Amino acid sequence: MDLEGYLDDLRTRQARVRPGDTPDHLVLPLGELSIPGHVDHWARQHPDRAAIVYDGRTLSYAELADLVARVAGWLATAGVRPGDRVAVDMPNCPQFTIAMIAILRLGAVHVPVNPMFQSAELAYELEDSDASVVVTVDGVLPLLDQVAGEVPVRQVLVSALGELSSGGATPQVPDGIGLEVAQWSDAVAHDPAPEHPVDLDALAAMNYTGGTTGLPKGCQHTQRHMLYTAATAAAATGHTVETGYVPLCYLPIFWIAGENLGILNPIVIGGTSVLMTRWDAGAALDAIERYGVTTMVGTVENYLELIDRPDISMRDLSSLKMPMAVSFVRKVTPDVRAAWRAAVGEHSVLREAAYGMTETHTFDATPYGFDDGDKDLLAEPVFCGVPMPGTDIAVVKFGTLEPLPIGEAGEIIVRSPSVMTGYWNRPAATAEQLENGWLHTGDNGRIDEDGCLHYLGRDKDMIKVKGMSVFPAEVELLLTRHPDVRTAAVVPADHPASGQVPVAFVCLEPGSELTAEELREWARGAMATYKVPVVNLVPDFPMTATGKIRKVELTDQAQQLVDGR
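On a predicted model such as this, the values are computed, not experimentally measured, just so you know.

### Points about the overall build of the protein chain
So, point 1. Looking only at helices and strands, the protein chain has 17 helices and 27 strands in total.
So, point 2. By the compact-globule yardstick of 24 Å for 565 residues, the protein chain fits well, its C-alpha radius of gyration being 24 Å.
So, point 3. C-alpha atoms of the protein chain, sized along the principal axes, occupy 70 × 55 × 50 Å.
So, point 4. Looking at the protein chain as a whole, 58% of its 565 residues are labelled buried.
So, point 5. Restricting the contact set of the protein chain to residue pairs at least 6 apart, pairs at least 24 apart contribute 69%.

What follows is the structure, encoded as structure tokens:
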């Protein structure tokens, strides 16, 4: 079967199972309007509606639109022109959103930067993007000044993290800073700038990849990509302009997933973004109850912390119908879902968030609507659901566009209106990833009989045992079905007889006396013999700054463990 015939078959299967309260085609609530145009629209239609809530202060849409126009005016005076790159190096705060929309208002290019970066990382992204202006907080100034001689930055706009909180704050510029620094208060007092004539297909953002396969690359995205992702992500999870959209966002908004949740989705459908700089369980409960939060995205550990709070039963969490999880360490299991439902109510169903990546603007398939009987959690392994309206997902032979039969594992490829136009200044890497409008993800997956996607892990993570493919995500999921297993991380190790073997690093539930050999024996009854891992019990895992398990370190330990046997 050719690719288009294969896709026609998949769409028919998906139409049969797509949740009835979600659209099967793209719906743009305000049509092909720019992102700044959406802000202006809601400011005209609902000027007093809350656009952003942060640390006790509420910014209405009228206030947001005014601040965006004024900061855009300051940026224009600072020499920013259409196509220029402007870096925003900030934690979650309203100033980040204002700066991003102001940059788009001028037709310039938003470059979000991780505020946890140290000097080499910061210098690389500023130099690679050729950013001429940086919007940042005062705590970053010494580091920015340290790399000033290596980067093209000529102007800095500085704010204090709490400047737009209820308490207010004034940025402190350390002595000896050689950069030209302007104050946020000057920018918001500037004359407003008109919106640059809209070109939804012009370069609008460069979102850098995490750099797991070399130095980070700038994924080039347009406002059309943003608009498509926001409209479909909201609608595919049951949110509309009429139902309202109030996300609690403590995911970093310099991540593209946080950008969608905390900035783009609410702006496109006129919702209210409740921003938090960092996770705080008590503050989260207060915000959900006070502002009628409808959705949030957090780690499984965040939800377990909420469940364990003694005051959760006294809180009104009736608005929170769409809690979503990212399973960096702990996984969403039927037990975790049941515990959440018991604590919060039947209306609130905990789900995995979505399948996606920076190159596709992150929201390509969702398991929303497949929770009856825990179908989404019991499927093997990670169940991702149906594609977004307008997105096609196929599983092909690696490096080709040749589709594989239903149920067979291969490479996941994605075609959608939000696939990047390419990597910034990386033509060879772009040619390797993009083919005839399709993005080669490098991920292993399979399509089931309903046309739903199952994620099996990165291709480089796949383990070959005597020629048989073992997917770490599948072994991890199976191991976490043991009642004493808190979480598991599976990596490969070389083996002289079998080529490779899977090695599982396992963290047990508190108080468990399960031994490694007992778990390995249990695994023999839960999975095929070639998948049964060497088990190593650990108290915790090495973690990245963004909360993911550092599997590179585990791989080194795994090899030492197998060699020692």
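### What to know about the sheet that holds strand S11 (residues 273-275)
So, point 1. Read from one edge to the other, the open sheet built from seven strands follows the order S2-S1-S11-S10-S12-S13-S14, with strand pairing classed as mixed. What marks the edges here is a single partner per strand, and that holds for strand S2 (57-60) and strand S14 (351-352).
So, point 2. Packing against the sheet, helix H9 (residues 256-268) makes contact with strand S10 (247-249), S11 and strand S12 (295-299), and its axis sits at approximately 140° to S10.

### Regarding the pattern of salt bridges
So, point 1. Throughout the structure, instances matching the rule amount to 29 salt bridges.
So, point 2. In this structure, Arg341 and Glu346 form a salt bridge, with 3.3 Å as the shortest nitrogen-oxygen distance.
So, point 3. Note on Glu346: relative accessible area 62%, which makes it exposed.
So, point 4. The shortest N-O distance in the salt bridge between Arg550 and Glu553 comes to 2.8 Å.
So, point 5. When its relative accessible area of 36% is taken as the criterion, Arg550 is described as partly exposed.
So, point 6. Under the relative-accessibility criterion, Glu553 is labelled partly exposed at 34%.

### What to know about helix H4 (residues 94-105)
So, point 1. Under the 1.5 Å per step criterion, the end-to-end length of H4 is 17 Å for twelve residues, consistent within 8% with the ideal 16 Å.
So, point 2. Taking burial as the measure, the twelve residues of H4 include twelve buried ones, the bulk of the element.
So, point 3. For H4, the complete set of buried residues consists of Pro94, Gln95, Phe96, Thr97, Ile98, Ala99, Met100, Ile101, Ala102, Ile103, Leu104 and Arg105.

### Regarding unusual backbone geometry
So, point 1. One non-glycine residue, His361, lies in positive phi territory at about 70°.
So, point 2. One can find His361 in the loop between S14 and strand S15 (365-366).
So, point 3. A positive phi angle is found at Asn425, which is not glycine, with a value near 55°.
So, point 4. By secondary structure assignment, the location of Asn425 is in the loop between strand S19 (422-423) and helix H14 (427-433).

### Remarks on helix H2 (residues 35-45)
So, point 1. Burial runs high along H2: nine of the eleven residues are buried.
So, point 2. For H2, the full list of buried residues reads Ile35, Pro36, Gly37, His38, Val39, Asp40, His41, Trp42 and Ala43.
So, point 3. On the buried face of H2, the contacting elements are helix H3 (61-77), H4, helix H8 (223-235) and H9.

### Topic: the state of the cysteines
So, point 1. Per the stated rule, a full pass over the model turns up zero disulfides.
So, point 2. Cys219 takes part in no disulfide bond, and the closest cysteine sulfur to it belongs to Cys384, at a distance of 19 Å.
So, point 3. Take Cys384: it sits in no disulfide, and the sulfur closest to it among the cysteines is that of Cys452, at 9.6 Å.

### Here's the deal with the nonpolar core
So, point 1. Counting residues in each nonpolar core, the largest one holds 69 residues, and the members touching the most others are Leu75 and Ile98.
So, point 2. For Ile98, the residues in contact, after removing those within four places along its chain, are Leu59, Leu64, Leu67, Val68, Val71, Leu164 and Trp184.
So, point 3. Within the second largest apolar cluster, 29 residues are counted, among which are Leu248, Val293, Tyr303 and Leu320.

Here is what the cut-offs are and how they apply
Residues numbered from 1 in each chain as written. Predicted model: local features only at pLDDT ≥ 70, side-chain atom pairs only at ≥ 80, totals over all residues. Heavy atoms only, no water. Helix = DSSP H or I, 4+ residues; strand = E, 2+ residues; numbered from the N terminus. Rg over C-alpha atoms; globule rule 2.2 N^0.38 Å. Buried < 20%, exposed > 50% of the residue type's maximum accessible area, 1.4 Å probe, protein only. Contact = heavy atoms within 4.5 Å. Pairing = 2+ DSSP bridges. Axes fitted to C-alpha atoms, helices over the stretch in contact; angles between N-to-C directions. Salt bridge = Lys/Arg side-chain N within 4 Å of Asp/Glu carboxyl O. Expected span 1.5 Å × (residues − 1). Disulfide = S-S within 2.5 Å. Core = buried A, V, L, I, M, F, W, Y, C linked by side-chain atoms within 4.5 Å.

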